Amino acid sequence: MNSFELPHITQTLKTGNELFHWKGQSLDISLLDFWRWSVSDLVSNATRGRLAEFIVATALNVPFDQVRDEWGAYDLLTPEGIKVEVKSAAYIQSWYQSKPSPITFRIPKTRAWDAKNNVYDTESRRQAQVYVFALLAHMDQATIDPLNMSQWQFFVLPTATLDSRTRSQNSITLHSLQVLAGSMVFYNQLKAKVDEVVA
């Protein structure tokens, strides 16, 4: 290792009980305090996206005993070896709305990044085999609950279908998604649908 190389840092799962500290002295501030402060708004776009990944992971039996890979080329790898990309959207947002948000999902091709070597692929493409579009479909701001699986709808498409589209390659509307994917599925049907799509 020369002076310009740093080892890849391996992260481990935290419990939330870890304490912040100052000059060898523990402070009365825990990692759980930070988590509560930073990600309790499950409707916010950034947090909802990660939550959607977690929900899809649980539906597909993806183990969550390792730290989420922030910079992975795709979001999830199932026990069967299926590479999955998860996209999320919602009608209801954390801010004031005069009407529900229109539903559009971003689906651009990307260049995969290798964190261990800090290099990007030379070719832009969709890295996963299948896309799961997670829609938080509840329409009432007073009762929206992203932890309620019945408020979510899922649409599943093989990557080849997205690649063959003649319309925008960077985004897809809910209407176009419904035309391509057919009917939506619920949480308890998601694994069977993903298995069917990649069979």
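Position numbers for residues start from 1 in each chain and track the written sequence from start to end. Only residues with pLDDT of at least 70 get local features here, since the model is predicted, and only at 80 or more are side-chain atom pairs given and counted; chain-wide, interface and lining totals rely on the full set of residues. Excluding hydrogens and water, the side-chain figures rest on all heavy atoms present in the structure.

Visitor: Can you lay out the packing of aromatic side chains for me, pointing to particular residues and giving the numbers?
Guide: Geometrically, a pair of aromatic rings is defined through the distance of the ring centres and the angle of the planes. Stacked, tilted and edge-to-face are the three classes applied to pairs of Phe, Tyr and Trp rings, where Trp contributes its six-membered ring and a pair requires centres within 6.5 Å; stacked means planes under 30 degrees apart, edge-to-face means over 60, and tilted covers the rest. If you walk through the whole model with that rule in mind, you get 5 aromatic pairs. Taking the centre distance of 5.0 Å and the plane angle of 70° together, the rings of phenylalanine 105 and phenylalanine 133 count as edge-to-face. One end of the pair, phenylalanine 105, is in strand S5 (residues 104-106); the other, phenylalanine 133, is in strand S8 (residues 130-136), and 28 residues separate them in sequence. In this structure, phenylalanine 105 and phenylalanine 133 share a single accessibility class: buried. Each member of the aromatic cluster is reached from another via a ring pair, and the members are Phe105, Tyr131 and Phe133. The numbering of helices and of strands both runs from the N terminus, where a helix is a DSSP run of H or I of at least 4 residues and a strand a run of E of at least 2. Per-residue accessibility, obtained with a 1.4 Å probe over protein chains only, is compared with the maximum for each type, and a residue is labelled buried under 20%, exposed over 50%, and partly exposed between these values.

Visitor: Give me the sheet that holds strand S4 (residues 83-90): which residues, what numbers.
Guide: A pair of strands is considered paired only if DSSP assigns at least 2 bridges between the two. What the 4 strands build is an open sheet, ordered S3-S4-S8-S9; its pairing is mixed. Sheet topology places strand S3 (76-77) and strand S9 (152-158) at the edges, where each strand pairs with a single neighbour. On top of the sheet, helix H5 (residues 190-198) reaches S8 and S9; it is set at about 10° to S9, its chief contact. The contact rule is simple, with two residues in contact once any of their heavy atoms fall within 4.5 Å. Here, axes are lines fitted to C-alpha atoms. For helices the fit covers the stretch in contact, and angles between N-to-C directions go from 0 to 180 degrees.

Visitor: Please set out the pairing of S8 residue by residue, giving values where relevant.
Guide: For S8, the tally of buried residues reaches 7 of 7 residues, placing the bulk of the element in the interior. What you see with S8 is no split at all: Val130, Val132, Ala134 and Leu136 on one side and Tyr131, Phe133 and Leu135 on the other are buried throughout. Judged from the 7 bridges that link them, S4 and S8 form a sheet pairing that is parallel. By the bridge assignment for S8, alanine 89 is matched with leucine 135.

Shape is all these values report; function is a separate question.
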